[in-house]
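# Summary of structural features
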Amino acid sequence: MDTSSRLGNAATRVLNRKTLVLAILALGGYGLYRHPPIETVGPQQVGIRSNAWTGSVSEVGEGPCLVIPGIHSLRRFPLVDQVYRPTRSAKADGPAPFQSSEGLSIGVELAIRYAIDARSLPRVAKVLPDDVGRDMVEPLVQGVIYKVFTRYTVREIFSTRRQEIQTLIESELKPMLATDGIVLRNVMMGNVDLPPDYREGMNKVLATELENQQMQYTLQLKEKKVQESRLQAEAEKAQRDTAAEAAADEQIIAAKGQEEAMKHVLPFKRKQIEQRELEAEAQSAALIRNAKGTAEARRIEATGEADSRRKLADADAYRLEALGKVNSEQLARDGALIDKHPLLIQKTLADKLSDKISVIVAPPPAAGGFIGQALIDAAHQAPAASNDSGSAP
């Protein structure tokens, strides 16, 4: 009885232990299912894994990593640059405008670019809040920029000292963020929103300044034009002087060249003159010889012409003498003929009058009648004689 009860109790204890182990395994499996020990670090992120038992901190890169529930805790931080813009202070009538040294409310568009320093992240990860931009960067930036803007006037903030303000904000903000493992990249300052009254007054002032600057630029431009005209005149004068010097040098060189050339030309000219003199003497001798020859030829020609004229004159005299003898003989014959026939004078006169007149020489009638009556009577007698001879047989 005791033995069986002891065996029963031992079996019960073994069963209870097995049941407890199975329960523990089941609970562990359920816990692993609900909280898997593998988590993933996304791209452009870095993970900081803390060990609750040892208190150690390790950096985990991109990809999966082991995180045991109850022992490890994993925080992810972005490695890319972040930008914080204080939008509440961008307008002069916004909820949190900046204040200038005159006490005027102004709005400034700011952009603060920052990033978490991966090298110091394991050291400062415990103190970094979950939202670094809202819980850490924003308060530091607000405290610095409000303080910086109160050192400058609205005019300086608006126009003349913008770069100086950006540099000052960076120089004050960078070490404060660096202590918390945050790297400040740069501070960019954009539009400055002014109060309406101040903007209107500044526009008038700026318009006046622009007019003054325009006048200054106009005067400077005119002065530059005057300087340009003077420099141009000086350049033209220098150019003319250079041209004159070059022309003078050229003339000097030309004169030297002519002088050098004349050393060779003069002997040549002398030879030409001597040659021309010799040619003139030869030409003069030739002319004299030609003149003598021409005179001799003309003398011979004149002598021949005189001889020929004399011979022609003798021939003409002989011809005239012969003609005179012939004419004298003809006149003697004509005179004898005229003495014998006086009517030839009338015929000759009629022939001289016209070549169309036919002259018939007839003796004058003895009774002193018409000179042609004898011809008419002879004409009448000739037909009658012919008729008589025809009728006679």
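Residues numbered from 1 in each chain as written. Predicted model: local features only at pLDDT ≥ 70, side-chain atom pairs only at ≥ 80, totals over all residues. Heavy atoms only, no water.

Of all hydrophobic cores here, the largest spans 37 residues; its most connected members are Val-108, Phe-149 and Ile-157. Looking at this core, the elements with two or more residues in it are β8 (105-116), α2 (121-124), α3 (132-149), α4 (154-160), α5 (162-178) and β9 (182-193). If we skip the residues at most four places from it in the chain, Phe-149 touches Phe-98, Gln-99, Ser-100, Ser-101, Val-108, Leu-110, Ile-157, Ile-165 and Met-189. (Core = buried A, V, L, I, M, F, W, Y, C linked by side-chain atoms within 4.5 Å. Buried < 20%, exposed > 50% of the residue type's maximum accessible area, 1.4 Å probe, protein only. Helix = DSSP H or I, 4+ residues; strand = E, 2+ residues; numbered from the N terminus. Contact = heavy atoms within 4.5 Å.)

On to the packing of α3 against α5, then. The description of two helices packed together rests on the angle between their axes and the distance between the axes. Where α3 contacts α5, the axes come no closer than 10 Å and their chain directions differ by 145°. Where α3 crosses over α5, the two elements pack in a sense that is right-handed. Across the interface between the two elements, Val-137, Leu-140, Val-141, Val-144, Ile-145, Lys-147, Val-148 and Phe-149 of α3 pack against Ile-165, Leu-168, Ile-169, Glu-172, Leu-173, Met-176 and Leu-177 of α5. In terms of residue class, the contact of α3 with α5 is built from 13 nonpolar, no polar and 2 charged. (Axes fitted to C-alpha atoms, helices over the stretch in contact; angles between N-to-C directions. Left-handed = near helix turned anticlockwise from the far one by under 90°. Nonpolar A, V, L, I, M, F, W, Y, C, P; charged D, E, K, R; others polar.)

This part covers the environment of Leu-128. You can see Leu-128 is positioned in the loop between α2 and α3. Among all residues touching Leu-128, those that are not within four sequence positions of it are Arg-75, Phe-77, Leu-121, Met-136 and Asp-180.

According to the stated counting rule, one finds 15 salt bridges in the structure shown. Between Arg-161 and Glu-156 there is a salt bridge, with its nearest N and O atoms 3.4 Å apart. The shortest N-O distance in the salt bridge between Glu-305 and Arg-309 comes to 2.6 Å. Taken together, the positions of Glu-305 and Arg-309, both in helix α6 (residues 196-340) and 4 residues apart, correspond to about one turn of that helix. According to the relative accessible area criterion, Glu-305 is partly exposed, its value standing at 34%. A single network of salt bridges, built from pairs that share partners, joins Asp-81, Arg-113 and Arg-185. (Salt bridge = Lys/Arg side-chain N within 4 Å of Asp/Glu carboxyl O.)

This part takes up the side chain of Glu-172. For Glu-172, the location among the structural elements is in helix α5. In this structure the side chain of Glu-172 is engaged in a polar contact, spanning 2.9 Å, whose partner is the side chain of Arg-151. For Glu-172, the contacting residues outside a window of four places in its chain are Val-144, Lys-147, Val-148 and Arg-151. (Polar contact = N/O pair within 3.5 Å; in protein donor to acceptor, adjacent residues only side chain to side chain.)

These figures capture arrangement, not role.
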